[in-house]
Amino acid sequence: AVKDAYLPVEKMRDVVNGVESIMEEGVAVNEKTGQIFVAVNTEFPKECTPRMLVWWFGKGCEGTIEYKRWHPGDHFSCHWSEQWYEHDYTENETHFVSEALGADLGAKAQTIRIQFKPPASYGVDSSVLPFALCARIGVYDISLGGWIDVGHFIHFSSPSDKSHGFILKS
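Reading guide: rules and limits
- Residues numbered from 1 in each chain as written.
- Predicted model: local features only at pLDDT ≥ 70, side-chain atom pairs only at ≥ 80, totals over all residues.
- Heavy atoms only, no water.
- Helix = DSSP H or I, 4+ residues; strand = E, 2+ residues; numbered from the N terminus.
- Buried < 20%, exposed > 50% of the residue type's maximum accessible area, 1.4 Å probe, protein only.
- Contact = heavy atoms within 4.5 Å.
- Pairing = 2+ DSSP bridges.
- Core = buried A, V, L, I, M, F, W, Y, C linked by side-chain atoms within 4.5 Å.
- Salt bridge = Lys/Arg side-chain N within 4 Å of Asp/Glu carboxyl O.
- pLDDT = per-residue confidence, 0-100.
- Phe/Tyr/Trp six-rings, centres within 6.5 Å; stacked < 30°, edge-to-face > 60°.

Brief notes about the overall build of the chain
What the chain contains, in helices and strands, is three helices and nine strands. Listed by position from the N terminus, the elements making up the chain come as α-β-β-β-α-α-β-β-β-β-β-β. Counting all 170 residues of the chain, 40% fall into the buried class. Nonlocal contacts in the chain, meaning residues at least 24 apart in sequence, comprise 44% of its contacts between residues at least 6 apart.

What about the pairing of strand β2 (residues 36–39)?
Looking down a regular strand, the side chains alternate between one sheet face and the other. With burial as the criterion, only one face of β2 is covered, namely that bearing Phe37 and Ala39; the residues Ile36 and Val38 on the opposite face remain uncovered. When strand β1 (residues 26–29) meets β2, the two strands line up antiparallel, connected through four bridges. Its bridge partner being in β2, Ala28 is matched across the sheet by Phe37. Joining the antiparallel neighbours β1 and β2 is a turn of six residues, in which Gly34 adopts a positive phi near 80 degrees.

Considerations on the nonpolar core
Among the nonpolar cores identified, the biggest contains 19 residues, and Phe57, Ile114, Phe116 and Phe153 are the most heavily contacted of them. Listing elements by their share of this core, those giving two or more residues are α2 (50–60), β4 (75–80), β6 (110–117) and β7 (132–141). Here this core gets four residues from one element, more than from any other, and that element is β7. Not counting residues up to four positions away in its chain, the partners in contact with Ile114 are Glu93, Thr94, His95, Val97, Ala135, Arg136, Ile137 and Phe153. One finds Tyr122, Val124, Leu129 and Ile154 within the second-largest nonpolar core, a separate group that totals seven residues.

A closer look at the pattern of salt bridges
Considering all chains together, one arrives at two salt bridges under this definition. Arg136 is the partner of Asp149 in a salt bridge, and the nearest nitrogen-oxygen pair spans 3.9 Å. In this pair, Asp149 sits in strand β8 (residues 146–159) while Arg136 sits in strand β7, placing the two residues 13 residues apart along the sequence. By relative accessible area, which is 36% here, Asp149 ends up partly exposed. Connected through shared salt-bridge partners, Arg113, Arg136 and Asp149 make up one network.

Digging into the confidence of the model for the chain
Taken over all residues, the pLDDT of the chain has a mean of 78, while the share at 70 or more is 76%. Here strand β9 (residues 164–169) stands out as the least confident element of the chain, with mean pLDDT 62; β6 is the most confident, with 91.

Things to note about unusual backbone geometry
Even without being glycine, Asn92 reaches a positive phi, approximately 70 degrees. Among the structural elements, Asn92 can be located in the loop between β4 and β5 (94–99). With relative accessibility at 51%, the residue Asn92 sits in the exposed group.

What to know about the side chain of Thr94
You can see Thr94 is positioned in strand β5. Thr94 gets classed as buried once you look at its relative accessible area, which sits at 16%.

A few points about the environment of Glu91
Assignment of secondary structure puts Glu91 in the loop between β4 and β5. Assessed through its relative accessible area of 32%, Glu91 is described here as partly exposed. Separated by 26 residues in sequence, Glu91 and Lys117 place their C-alpha atoms 5.4 Å apart. Beyond its immediate sequence surroundings of up to four residues, Glu91 is in contact with Phe116, Lys117, Pro118 and Pro119.

Comments concerning the packing of aromatic side chains
Enumeration according to the criterion identifies nine aromatic pairs in this entry. When the centroid spacing of 5.7 Å and the interplanar angle of 50 degrees are considered together, the rings of Phe96 and Trp147 count as tilted. With Phe96 in strand β5 and Trp147 in strand β8, the pair connects residues that are 51 residues apart, well separated along the chain. Overall, Trp147 belongs to the partly exposed group, its relative accessible area being 30%. Each ring, one from Phe116 and one from Phe153, has its centre 6.2 Å from the other, and the planes form 75 degrees; the classification is edge-to-face. Of this pair, Phe116 sits in strand β6 while Phe153 sits in strand β8, and the two are 37 residues apart along the sequence. Like Phe116, the residue Phe153 is buried in the burial classification.

Here it is as structure tokens:
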């Protein structure tokens, strides 16, 4: 964990907009609340473009077969809300997934609800980014009465060097 690098969701837009630079990659914990901030960079080959990610999250990942291709060791199944099939984007749609991020380290599968939100609702100006995707994350816990919102994510792209097409930051 990175000491003193915790960033609340209200400040995540500052990282995307280049105002704040807490950490490139790592995990930070707010010791008072137990909240966790995770920063990850994924470099894509030069043949891959941010437009391809727009397609992937729009119509490319129709269901379980495609979802498992993205991360075969941790992704198990998925389905979209019914309205998703009516248009080509994810904004305001819901994706239900079963995954175990860190399965190789013993993580157990859990059901997750990803509610995609307009980037502007997080203060992100997507018009200046090749790719930006924001969501509210929930987990299903029957003992707590159903879906419980537990987090947020912002995925966005930034240019890389000539050997890579772009870096996906989360």
